[in-house]
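# Breakdown of the fold
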Amino acid sequence: MTKLHLFNTKTRQIEEFIPQNPANVKIYTCGPTVYNFAHIGNFASYIYWDLLVRTLKINHLTPHRIINITDVGHLASDADDGEDKLEKGAKRENKTVWEIAKFYETAFIKDFNALNLLPPTKFCRATDYIREDLEVINTLIERGYTYETSDGIYFDTSKFATYADFARLDLDNLRAGARVDFNSEKRNVSDFAIWKFIKPGEDHAMQWDFQGKKGYPGWHLECSTISHFELGEPLDIHAGGIDHIPIHHTNEIAQSEAAFGKTMANYWLHANFITIDNQKISKSLDNTYSIQDLRDRGFSPLDFKLWILQGHYQSERNFTFEGLAAAKNRRLHWLNRLAKTLQETTHTENQAALLTQIQKTDYQTTELQEALLTQIQKSDYQTTDLQEKLTAIINQNLNSAEVFAEIDQNELALDDWHFIDKLFGLRFFDSLILPSNEIQTLIKERTEAKQNKDYAKADQIREELKSHNFSILDTNQTSFWQYLESPMI
């Protein structure tokens, strides 16, 4: 099998991925800040990292993945000033910060599941790791990497010699205010808070005691803490968005490696942005579409997932609803190809018997339909030459776009569709809403009408089938049922 290769931000090169332990591949993925609904730009990264995890699995590796849930400490500037985003959300909706965090965490996981993203080993809330945060802070203080100001405890980046290396920062020309508002108490413009004090008169519901003062952790600290206590150093892979490279991930590396004396991660992967109609995603432009917004416009979350996977995680993508409609049509075309393959597949007695059972079953019985589809998915699938080719392609830095082109250009057996569903998680088999007895009878009557040259009746039945979301594909040999639109699941 072709070895998996990934672009490593740390070296700026595509490298062979060599895990420390194939049975325990340690992955940390930056998660959401739960103060509002995640938008489709946020979910682009999660879709790409789902592909990463699925690719590891088809390479017979076992991922151990952690995703953090930021429910405290993420300030409006993404740095060390401004209002905490959870506090801002609470004021916006007249709720407590705890209510805001719980509501939007639930909404995020609901959308995460709707996209059929593989669940991580664990979702970790930042507020569940305050004691561990304080352990890390004490370690950094003892090792001489910090200093205190009136508003918090800061990491002194001048004490960490390789601070600028990861993001290739030019610290000499980094202007005060380019990354954070100027703070006269900071020793270096690149220094960052690991603990923020509650200011006099500040209304901040989430606060904890440290050294006799009330405060809360800095945003960057939570990732170092959670990854250390859940996975340990070094991580095999740390993944996130490219916007995290110059600040968030640079700061994570500094505080983690200063505290624990080990490389934080061996491979760093970063997903590029998506724009919408060639504009940055922004609330001011009213283009922060959620997964529910797509549903309201008649699109399945899986249509969006397919649209994302048509491109590459390192490429900037421009989202339009016309492009999403094209992805929806592609998913429908693939689902109809699978339906046709399912109807014509009889190369084992087991599948032949199963197809006969499908045709005789009244699919008003949902439980039986699910049982049959489960049986389809659990059949003894054989690895084909095409699957090996697709694996070799995806192993070249997650090149899903080229895999999609191969799917379009090749005839696929049922085994191949099973492999594709496992690789991309587009739920093709789950989407197979099979014809009921009523529909099967109509299809049979239409076939007989055509044989009797009663074309008017055949056309009438075709129109009736449309009302049930089925069409008929006629070939020289036989006819196949197809979907007019992808079933919404």
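These notes cover the structure that comes with them. (Residues numbered from 1 in each chain as written. Predicted model: local features only at pLDDT ≥ 70, side-chain atom pairs only at ≥ 80, totals over all residues. Heavy atoms only, no water.)

Our focus in this paragraph is a negative patch on the surface. Judged by side-chain charge, Glu438, Glu445, Glu448 and Glu464 come together as a negatively charged surface patch. No other element matches helix α15 (residues 437-451), which puts 3 residues into the negative patch. When you line up the elements, glutamate 464 lands in helix α16 (residues 455-466). (Patch = residues over 30% accessible without salt bridge, like charges linked within 9 Å, V, L, I, M, F, W, Y side chains within 5 Å. Areas by Shrake-Rupley, 256 points an atom, 1.4 Å probe, with all protein chains shown as cover. Salt bridge = Lys/Arg side-chain N within 4 Å of Asp/Glu carboxyl O. Lys, Arg positive; Asp, Glu negative; His and termini not counted. Charge placed at Lys NZ, Arg CZ, Asp CG, Glu CD. Helix = DSSP H or I, 4+ residues; strand = E, 2+ residues; numbered from the N terminus.)

Spatially, β5-β4-β3-β11-β12 is the arrangement adopted by the 5 strands of the open sheet, whose pairing is parallel. Strands with a single pairing partner mark the edges of an open sheet, and in this sheet they are β5 (122-125) and β12 (265-271). Here the average twist between neighbouring strands, direction ignored, is 20°. Sitting on the sheet, helix α1 (residues 40-58) touches β3 (25-29), β4 (63-69), β11 (235-241) and β12, and the angle it makes with β12 is about 135°. Against the sheet, helix α5 (residues 219-230) touches β3, β4, β5 and β11, its axis set at about 150° to β4. (Pairing = 2+ DSSP bridges. Axes fitted to C-alpha atoms, helices over the stretch in contact; angles between N-to-C directions. Contact = heavy atoms within 4.5 Å.)

Moving on to the sheet that holds strand β8 (residues 192-197). Read from one edge to the other, the open sheet built from 5 strands follows the order β6-β7-β8-β10-β9, with strand pairing classed as antiparallel. For this open sheet the edge positions go to β6 (146-149) and β9 (208-210), each flanked by a neighbour on one side alone. Adjacent strand axes in the sheet meet at a mean angle of 40°, parallel and antiparallel pairs treated alike. As paired elements, β9 and strand β10 (residues 213-217) share 3 bridges and run antiparallel to each other. Within β10, the residue paired with aspartate 209 across the bridge is lysine 214. Running at roughly 80° to β8, helix α6 (residues 245-260) makes contact with β7 (152-155) and β8 of the sheet.

Moving on, we get to the nonpolar core. By size, the foremost hydrophobic cluster in this structure holds 81 residues, and its most contacted members are Phe304, Phe319 and Phe424. Considering every element that reaches this core, the biggest residue donor is α1, with 12 residues. (Core = buried A, V, L, I, M, F, W, Y, C linked by side-chain atoms within 4.5 Å. Buried < 20%, exposed > 50% of the residue type's maximum accessible area, 1.4 Å probe, protein only.)

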